[in-house]
Amino acid sequence: MADPSITRSEVAPNLIVEAGVAITMEPGADPVANVGIAVTGDRITEIADLHVLRSVHPETPTIGGPHMIVLPGLINAHQHLTGDRLIRSMIPDDLEAGRSIYEWAVPAHAAHTGDDDQLSATLSLLEGVTNGITFTVEAGTVAHPDRVLAGFDAVGVGGTLGSWGWDVAGEPWAGSVAEVLDRQREVLTLTETHDRVDGWVTLVGHDLMSDELVVSASELARSNGTGLTFHLSPSSSDAVSYLQRTGKRPAVHLNNLGVLGRHVLIAHGVHLDDQELELLLASDTALAYCPWAYLRLGQGVTSAGRHVEFIGRGGRVALGCDAENAGDAIDVLGSVALAAGLAKDMAVDPTLFGARAALQHATLGAAEALGMATEIGSLAVGKRADIVVIDTAGPEWIPRSPDPILQLVWASDGRSVCDVVASGRVVVRDGESTMVNRSELAIEAAERHARLLTDAGLG
Ligand SMILES: [Zn+2]
């Protein structure tokens, strides 16, 4: 936070982002023309008429401009940063349920070295940030968290991070309950003083966690004031498994265990019955909704998904992009458009859940789902300076609509992202990272891709 005892105009900001149109995503705020956003350190310190701000701080460097649209940094609430990133778009899209994970993703993860984790996380976060993503929730399948943290540092963006969490005998990176929890505690310690990356407790989830593990993990997150995330019910198979093992559907069983709560972000929650939906709402448990994943894997979101109903009843939902066996592209603006389209089509109601409503769930609504709405998700004084500049020079913006959100969501996606500020630093300029060298990463990725295929028995 800026020191409130200092009059803002007395201290020159480090940067002014010039917005031809600013979409703040603050509640009830319409897009506003000719706005300057002053950045001091890692914070937004002033939002004012551009000409006034420029006249007060004529020496301050600027980015953006009169033809640029500026919006808050986007949030990707579920992303596997490692593993199948290095075998991108190799996993066939005609496999039976489960085979993409157990025949491709798990072997790739099992063969991952620390170097692989750092490289794949760097590539994932690089792709995300060039599409405007400044905050990413790692999905819970990281073998070498310190190396993934190095990836966050290399790209300069924020997020949450845990360690691989399952207690399933015979699977890679598995451990006893005590071992899994110890690894989670190590990440909480590792990230304790990090200013952009928060340690979360992360489990694989599904029915790949014992009751003892998920109960202990939830307690660990609660006692540390942090989040817990795990996968549940992207397809109908988790319900089958829980009913066999416990006699209850998954969310009912987890609620009975006392696991659910405001600190929990469940990835997916596609196949929920009425009772499960009620329990998630009553416990204020949040959902990460990754619609491209369910389409690539044919998991039934178009018939079973209830995310928009959940939102309409006050549920917290954030959009995500998932993994390379489940959607491939790390572009949350693509998820925004798809979420809006699915909502309308599933209800056969074009009045439902438009572009603005959908964009909320990659910005302020997503931040609320992560319990971070005071820190990220909108352009507001005091918040982290995570800012995206959209270039409207491209053909997708010709001619300009008077409604920039409609045009951004339906006519464009991450392709229009030009500059990105993360925690006050310009990390993308003219579509290229200022932090890492894409060409060098491509050479390294080609080498590791080949070696990983051999080591994982996939070549
Ligand atoms: Zn996932």
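Sequence positions are assigned chain by chain, starting from 1 and proceeding in written order. Local features in this predicted model are restricted to residues of pLDDT 70 or higher, and side-chain atom pairs are both shown and tallied only at a pLDDT of 80 or more, whereas totals for entire chains, interfaces and linings draw on every residue.

With respect to the overall build of the protein
- Numbering goes from the N terminus for both helices and strands, where a helix is a DSSP run of H or I of at least four residues and a strand is a run of E of at least two. Helix and strand counts for the protein come out as 17 helices and 17 strands.
- For this measure, only C-alpha atoms enter the radius of gyration; the expected value for a globule follows 2.2 Å times N^0.38, where N is the number of residues. For 459 residues, the compact-globule estimate of 2.2 N^0.38 gives 23 Å, and the protein sits close to it at 21 Å.
- On the principal axes, the C-alpha backbone points of the protein span a range of 65 × 50 × 45 Å.
- Buried residues in the protein amount to 56% of all 459 residues.
- Sequence separation of 24 or more characterises 74% of the internal contacts of the protein that already satisfy a separation of 6 or more. Burial is judged by counting the other C-beta atoms within 10 Å of a residue's own C-beta: 20 or more makes it buried, 12 or fewer makes it exposed, and any count in between marks it as partly exposed, with every C-beta position built from the backbone. In this description, any two residues whose backbone-derived C-beta atoms lie within 7 Å of each other are considered to be in contact.

Things to note about the nonpolar core
- Formed by 139 residues in total, the largest nonpolar core has its most connected members in Val17, Ile37, Val70 and Val336.
- For this core, the element with the most residues is helix H13 (residues 332–347), which contributes nine residues.
- The residues that make up this core include at least three from each of domain 1 (8–73 + 376–433) and domain 2 (74–369).
- Excluding residues that lie within four positions of it along the chain, valine 336 makes contacts with Leu319, Ala358, Leu359, Ala362 and Val409. Here, a nonpolar core denotes buried Ala, Val, Leu, Ile, Met, Phe, Trp, Tyr and Cys residues that are linked to one another through C-beta atoms within 7 Å. Throughout, the edges of the domains are those of an automatic or database domain assignment.

Considering unusual backbone geometry
- A cis amide bond, omega -5°, links isoleucine 398 with the succeeding residue proline 399.
- One non-glycine residue, tryptophan 173, lies in positive phi territory at about 60°.
- Relative to the helices and strands, tryptophan 173 is located in the loop between strand S7 (158–161) and helix H5 (177–190).

Points about the environment of serine 378
- By the secondary structure assignment, serine 378 is in the loop between helix H15 (364–369) and strand S14 (387–391).
- Residue classification places serine 378 among the buried positions, given that 22 C-beta atoms sit within 10 Å.
- Apart from the residues lying within four places of it in its own chain, the contact partners of serine 378 are Thr24, Met25, Glu26, Pro72, Thr363, Leu364 and Lys383.

Quick notes on the domain arrangement of the protein
- Assigned domains within the protein: domain 1 (8–73 + 376–433) and domain 2 (74–369).
- One C-alpha centre belongs to domain 1, the other to domain 2; they are set 29 Å apart.
- The interface is formed by 24 residues belonging to domain 1 together with 30 residues belonging to domain 2.
- Looking at the side of domain 1 that touches domain 2, the elements with two or more residues in it are helix H16 (404–411), strand S15 (417–422) and strand S16 (425–429).

A look at the packing of H5 against helix H6 (residues 211–223)
- Orientation is described by axes fitted as lines to C-alpha atoms, over the contacting stretch for helices, and by angles from 0 to 180 degrees between their N-to-C directions. In contact at an axis separation of 10 Å, H5 and H6 are set at 25° when each is read in the N-to-C sense. Comparing their axes, H6 and H5 come out roughly parallel. Both H5 and H6 take part in a crossing whose hand is right-handed. Where H5 abuts H6, its residues Val177, Val180, Leu181 and Gln184 lie against Glu212, Leu213, Ser216, Ala217 and Leu220.
- Amino acid classes used here: Ala, Val, Leu, Ile, Met, Phe, Trp, Tyr, Cys and Pro are nonpolar; Asp, Glu, Lys and Arg are charged; the rest, including Gly, are polar. Split by residue class, the contact of H5 with H6 holds six nonpolar, two polar and one charged. An angle below 35 degrees is treated as roughly parallel, one above 145 as roughly antiparallel, one from 65 to 115 as roughly perpendicular, and anything else as oblique. Put simply, a crossing is left-handed when the front helix is turned counterclockwise from the back one by less than a right angle, and right-handed when it is turned clockwise.

Some thoughts on the sheet that holds strand S4 (residues 62–72)
- Think of it this way: DSSP has to see at least two bridges between two strands before they count as a pair. The strand order across the open sheet built from eight strands is S3-S2-S1-S4-S14-S15-S16-S17, with neighbouring strands paired in mixed fashion. Among the strands making up the open sheet, the edge pair consists of strand S3 (43–49) and strand S17 (432–433).
- Pairing of S14 with S15, which is carried by four bridges, proceeds in the antiparallel orientation. The residue of S15 that forms the bridge with isoleucine 387 is valine 421.

Here's the deal with the packing of helix H3 (residues 114–130) against helix H4 (residues 145–155)
- The interhelical angle for the contact between H3 and H4, taken along N-to-C directions, is 35°, at an axis separation of 8 Å. Remark: the crossing between H3 and H4 carries right-handed chirality. On the side of H3, the interface is formed by Gly114, Asp117, Gln118, Ala121, Thr122, Leu125, Leu126 and Val129, while H4 contributes Arg147, Val148, Ala150, Gly151, Phe152, Ala154 and Val155.
- Its residues assigned to classes, the contact of H3 with H4 comprises nine nonpolar, four polar and two charged.

Remarks on the confidence of the model for the protein
- For the protein, the average pLDDT comes to 95, and 98% of its residues sit at 70 or higher.
- Per-residue pLDDT stays below 50 along residues 1–7; that stretch engages in six contacts with residues further than four places along the chain or on separate chains. The score called pLDDT rates the predictor's confidence residue by residue, from a low of 0 to a high of 100.

Quick look at the sheet that holds strand S8 (residues 197–199)
- Read from one edge of the open sheet, four strands run S5-S6-S7-S8, paired in parallel fashion. Both edges of this open sheet fall to strand S5 (74–79) and S8, since each of them pairs with a single strand only. Sheet twist, expressed as the average angle between the axes of neighbouring strands with direction ignored, equals 15°.
- Pairing between S7 and S8: three bridges, direction parallel. Across the sheet, the residue bridging to leucine 161 is glycine 199, located in S8.
- Docked against the sheet, H4 engages strand S6 (133–138), S7 and S8, running at close to 170° with respect to S7.

Here's the deal with the pairing of strand S1 (residues 15–22)
- Of all eight residues making up S1, eight are buried, and the element is well covered by its neighbours.
- Summarising the sheet, S1 and strand S2 (residues 32–40) pair through seven bridges and their orientation is antiparallel. Note on S2: the bridge partner recorded for alanine 19 is valine 35.
- As paired strands, S1 and S4 are joined by six bridges and run parallel to one another. Looking at the pairing, isoleucine 16 lines up with threonine 62 of S4.

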